[in-house]
Amino acid sequence: MDSFTLDSLSAAIYFSVGTLDLNNYTITTPVFDSTQSAWTKYLNFGTSGQITLNNPGTTLVTPWNTLSSLNIYGTPTVNLTNAATSGTTRTITANSIGVPINLNLQAGIAGNSIQLNGTFGNLDFTGCSATIVNATITILGSVNLGSTATFSTGSNSWTLSPNKLETFTTNGISADWSIIINGNELGGIQLQDNLTMGGIASPRTLTLTKGILDLNNKTLSVALFSSTTSNIRTINFGSSGVMNIIGTTGSVFNVTSSVNLTVTGSSRAVNISSASSNLTNRTVQAGTATSGESGNFDLSFAGVAGSTISLTYSSYRNLNFTGCSSKIGLIGSNTLPLSGNLNLGSTITFDATWALTTMVYSGSPQTIQTNGMIVPFGLYLYTGNSVTLL
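The following refers to the structure shown. (Residues numbered from 1 in each chain as written. Predicted model: local features only at pLDDT ≥ 70, side-chain atom pairs only at ≥ 80, totals over all residues. Heavy atoms only, no water.)

## Focus: the overall build of the chain
Alright, step 1. Check the secondary structure of the chain and you find zero helices and 44 strands.
Alright, step 2. With the C-alpha coordinates aligned to their principal axes, the bounding extent of the chain is approximately 80 × 40 × 30 Å.
Alright, step 3. Classification of the 390 residues of the chain by burial places 52% in the buried group.
Alright, step 4. Residue pairs at least 24 apart in sequence account for 53% of intrachain contacts in the chain once pairs closer than 6 positions are excluded.
Alright, step 5. About 15,000 Å² of surface is accessible on the chain, with carbon and sulfur atoms providing 50% of the total.
Alright, step 6. Averaging the locations of the 11 positively and 13 negatively charged side chains of the chain gives two centres separated by 11 Å. (Helix = DSSP H or I, 4+ residues; strand = E, 2+ residues; numbered from the N terminus. Buried < 20%, exposed > 50% of the residue type's maximum accessible area, 1.4 Å probe, protein only. Contact = heavy atoms within 4.5 Å. Areas by Shrake-Rupley, 256 points an atom, 1.4 Å probe, with all protein chains shown as cover. Lys, Arg positive; Asp, Glu negative; His and termini not counted. Charge placed at Lys NZ, Arg CZ, Asp CG, Glu CD.)

Given below as structure tokens:
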């Protein structure tokens, strides 16, 4: 078999049963559909075979449609190349088993839309100018958002489930939807540039369920960050990585357990950064609280007068309240383990819980900078530790 092209833009390949071996060649067709029967069928791409979908988006608007009865092998590359007619929506449904397709959305004009369903390997939007409909999909490979597509906002999430470290590239496009990382101990995502997930008006969540989040010295901006399991997880900040947490209410930074959590990098900067006028009560939890255990994160805070930030009983590394005017509360205990430096700023207030609180220091040396504020809590130092007042 050689490469071949169907010469009609209204043609289609309907794969019902048997085996199709591309033998490293390319098929060009407007439509590839394996949903005509539930019989088991096999599609082998080989190492370099491709299927190019030159779908015009006129009468046949589902250029790729597969069910779990299709078994895919090899290195499957599928390209969507036709710019399509303005005002149409084309649907890519990838529900096959075996190896997920690597989808290159190379064409699509402003004014038409693309709906994705199912599970994908690599997902690349380079060259696409269409609107990408918000949908729940699973991605096992790398992601490149391109620079010209429009991604609709919405509550549907992308689940990233790689079995090795894969890349995530935004090219400055805001990912205005929630993301779940559910890889394995070797699998996760590495940011290639800054990742911004929506804004205050459309709060999104990044959830680290299992696997690796490698900031790679980049900045993650998201309303809510959550990692509440005891699965094996790694967060790598690098030397200058930053998390900006911009949520205005609720559990904006929620790491309930340090069990099986590894945090690496000389930078551990987490900025609870929103100073919006509509702030209410935000809570922060930074892992399991263990006296004598080093905290994982360097937290700084912003907030306007009239708002509240409640620190949940956790092991903290550095705390910096410079520029924050919120009231600071404490939830869960009358002790607060701290292994690094404390800067109270000059504009925060403390609620009544702090009058009965002891700040437990571990690690040495450390500093406390009061900026003239009256410290309302007690201090406890482990034997051999030192604290310097600035």
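From this point, the discussion proceeds with the structure in view.
## Considerations on the layout of surface pockets
Alright, step 1. Each pocket or cavity is described by its volume, and for the largest pocket that value is around 200 Å³.
Alright, step 2. Contributing to the lining of the largest pocket are 13 residues, with Val99, Pro100, Asn102, Gly121 and Leu140 lying nearest its centre.
Alright, step 3. Residue composition of the lining of the largest pocket, grouped by class: four nonpolar, seven polar and two charged. (1 Å grid on protein atoms, 1.4 Å probe; cavity = no way out; pocket = protein on both sides within 12 Å on 5 of 7 lines; lining within 4 Å. Points joined across faces, edges and corners; volume = space filled by probe spheres on them. Nonpolar A, V, L, I, M, F, W, Y, C, P; charged D, E, K, R; others polar.)

## Details of empty space enclosed by the protein
Alright, step 1. Counted according to the given criterion, the structure contains one cavity of 30 Å³ or more.
Alright, step 2. Estimated volume of the largest cavity: approximately 60 Å³.
Alright, step 3. In terms of lining, the largest cavity is formed by Leu116, Ile132, Val133, Asn134, Ala135, Ile137, Phe151, Ser152, Trp158 and Trp177.

## Things to note about the sheet that holds strand E38 (residues 335-338)
Alright, step 1. The three strands are arranged E38-E41-E43 in an open sheet whose pairing can be described as parallel. Edge positions in the sheet fall to E38 and strand E43 (378-381), since each has one partner strand and no second. Each adjacent strand pair in this sheet contributes to an overall mean axis angle of 25°, direction not counted.
Alright, step 2. Bridge analysis of E38 against strand E41 (residues 358-361) gives four bridges, and the strand direction is parallel. Of the residues in E41, the one forming a bridge with Leu336 is Met359. (Pairing = 2+ DSSP bridges. Axes fitted to C-alpha atoms, helices over the stretch in contact; angles between N-to-C directions.)

## Some points on the packing of aromatic side chains
The relation between two aromatic rings is expressed through the spacing of the ring centres and the mutual angle of the planes.
Alright, step 1. Per the stated rule, a full pass over the model turns up 15 aromatic pairs.
Alright, step 2. Centroid distance Phe125 to Trp158: 6.3 Å. Interplanar angle 15°. Geometry classified as stacked. One end of the pair, Phe125, is in the loop between strand E15 (123-124) and strand E16 (131-132); the other, Trp158, is in strand E20 (residues 158-160), and 33 residues separate them in sequence.
Alright, step 3. Taking relative accessible area as the criterion, Trp158 reaches 4% and is therefore assigned buried.
Alright, step 4. Both rings, one in Phe237 and one in Phe297, keep their centres 6.3 Å apart while their planes meet at 70°; by these two values the pair is edge-to-face. Placement of the pair is Phe237 in the loop between strand E28 (233-236) and strand E29 (242-245) and Phe297 in the loop between strand E33 (281-286) and strand E34 (298-301), with a sequence separation of 60 residues. (Phe/Tyr/Trp six-rings, centres within 6.5 Å; stacked < 30°, edge-to-face > 60°.)

All we've got here are geometric facts, nothing functional implied.
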